[in-house]
Structure formats: C-alpha cells, structure tokens
Amino acid sequence: PQELPLGGLSWKVVRVILDAAEHPWAARVDLQELVERHLLASGKPERWRIRFVTPAAFHDEGRHLPFPLPERLISSWLRRWWAFGTVPLPEELIPRARHGLAVSAYRLQTVPVQSHEGVTIGCVGEVIMRAIDLAQWERLAIDLLVSYAFWCGTGHRTAQGMGMTMGKAI
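Residues numbered from 1 in each chain as written. Predicted model: local features only at pLDDT ≥ 70, side-chain atom pairs only at ≥ 80, totals over all residues. Heavy atoms only, no water.

### Looking at the nonpolar core
Formed by 31 residues in total, the largest nonpolar core has its most connected members in I74, W77, L89, L101, M129 and L145. Of all the secondary-structure elements, those providing two or more residues to this core are α1 (31-39), β3 (47-56), α2 (70-84), α3 (93-100), β7 (118-131) and α4 (136-152). For this core, the leading source of residues is α4, giving 8 residues. Other than its neighbours up to four places away in sequence, I74 contacts L93, I94, A97, L101, I142 and L145. (Core = buried A, V, L, I, M, F, W, Y, C linked by side-chain atoms within 4.5 Å. Buried < 20%, exposed > 50% of the residue type's maximum accessible area, 1.4 Å probe, protein only. Helix = DSSP H or I, 4+ residues; strand = E, 2+ residues; numbered from the N terminus. Contact = heavy atoms within 4.5 Å.)

### Side note on α4
Between its first and last C-alpha, α4 extends 24 Å over 17 residues, near the 24 Å set by a 1.5 Å rise per residue. The element α4 is largely enclosed, with a buried count of 14 among its 17 residues. Just past α4, the residue G153 takes up positive phi, approximately 80°. (Expected span 1.5 Å × (residues − 1).)

### A word on the pairing of β3
By the bridge criterion, 7 bridges tie β3 to β7 in an arrangement that is antiparallel. Its bridge partner being in β7, A56 is matched across the sheet by C123. (Pairing = 2+ DSSP bridges.)

### A few points about a nonpolar patch on the surface
Residues L4, L6, L9 and W11 make up a contiguous nonpolar surface patch of roughly 430 Å² in combined accessible area. Those elements that provide at least two residues to the nonpolar patch are β1 (3-6) and β2 (9-12). Here L9 lies in strand β2. (Patch = residues over 30% accessible without salt bridge, like charges linked within 9 Å, V, L, I, M, F, W, Y side chains within 5 Å. Areas by Shrake-Rupley, 256 points an atom, 1.4 Å probe, with all protein chains shown as cover. Salt bridge = Lys/Arg side-chain N within 4 Å of Asp/Glu carboxyl O.)

### Things to note about the layout of surface pockets
Any empty space left between atoms is shown by rolling a water-sized probe over those atoms. In this structure, the largest pocket encloses a volume near 260 Å³. Residue lining of the largest pocket: 15 residues in total, with R49, F150, M166, G167 and K168 positioned closest to the centre. Looking at the lining of the largest pocket, the elements with two or more residues in it are β3, α4 and β8 (165-169). Here the lining of the largest pocket gets 5 residues from one element, more than from any other, and that element is α4. By residue class, the composition of the lining of the largest pocket is 7 nonpolar, 3 polar and 5 charged. (1 Å grid on protein atoms, 1.4 Å probe; cavity = no way out; pocket = protein on both sides within 12 Å on 5 of 7 lines; lining within 4 Å. Points joined across faces, edges and corners; volume = space filled by probe spheres on them. Nonpolar A, V, L, I, M, F, W, Y, C, P; charged D, E, K, R; others polar.)

### Digging into the packing of aromatic side chains
The final tally for this structure, using the stated rule, is 3 aromatic pairs. Consider the rings of W81 and Y148, whose centres lie 4.9 Å apart with planes at 90°: the pair is edge-to-face. Here the residue W81 occupies a position in helix α2, and Y148 occupies one in helix α4, the gap between them amounting to 67 residues. Relative accessible area serves as the criterion here: at 1%, W81 is assigned to the buried category. (Phe/Tyr/Trp six-rings, centres within 6.5 Å; stacked < 30°, edge-to-face > 60°.)

### Focus on the pattern of salt bridges
The final tally for this structure, using the stated rule, is 9 salt bridges. The shortest N-O distance in the salt bridge between R15 and E22 comes to 2.1 Å. Judged by its relative accessible area of 45%, E22 is partly exposed. Between R72 and D60 there is a salt bridge; the shortest N-O distance is 3.5 Å.

### Topic: α3
Within α3 the residues assigned to the buried category are L93, I94, A97 and G100. For α3, the angular spread of buried residues about the axis comes to 150°, placing them on one side. The inward-facing, buried residues of α3 contact α2, β6 (101-115), β7 and α4. (Arc of directions from axis to C-beta.)

Here it is, written out as structure tokens:
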C-alpha cells in the first residue's frame, strides 16, 4: 500500500527494501542454510557482539531483569529454536552458558516500554560475550543461536516489538 496506518498514524511508504545488501534488516536465510553456516563451520568463535535495537527484558526465577545475562540470552533463543529449528540443540547449553560465557563489555541503557499491562524496563545497546570454557560444539551452537536471534528476537514480548536483536561473532 502507498500508506500504512500504524498506532493511529498514517505512514507513507517511500521504499520497500528486500535485499540485505541494501539494508541489513532485509536479510533472509533458510534455517538449514543457517545450521550449515554455523554448526558445520571450521572456526571456533570466541566472542560475539549482540546489539539490542529495541528494548530487551528478561525473567529470571520470577524476577524482572533488564540486563542480558548470558544464560538468559541462550535460554530465550534456545526456546525459540526448539519451536522452529531444524536440528536439535540440547537444554544443557543453558547451564553451560551460565558457567562458560561472560559479558566482557557492554554499552547499554535502560528504556521504559509502556503497554496495556503497564511499564516494562528493557535495555538497548550492545553487549559483547566471551567464551570462557566451552567445547567447540557449544561455541558453534551458541554462534548459531546468536545469528538466529535476528529472526526470533530476544527476551519476552518479542511479538510486541521488544528484543529486536542483531548479533555476530567478532
């Protein structure tokens, strides 16, 4: 359409981009291709840069958490992978992330998000995770999940636009 009503406003469509070369958010990939690109890679990724474009928030043992702890990230992505992924990834990645991944740097700010349920505090910005003590298959699985986060989002309320994520090995 030439105009798109959204949130009580009328937005004029200026251009539609479907090529990732023109804009990174236009990326498309088959899940099997994603698996082959990451799980069958010969490298041993050690660090990942994760950027939260829209606020990401988490639940940790019944508490609200606006900071992306490694195990919360892996748990979020792994739950979605189990629903849509093409190869099984083990639940043991979650406790392995707790002990084998560390946040080595971050540039985050908290942002309130208003919804009909109230205010949720999320974070936007960048986190760098570093593998401390992980086997190669665990690093490759995490690399797959970091890449998959672009399509599945991170944390809770992703269907409402929270947790839009871009991540890659560095």
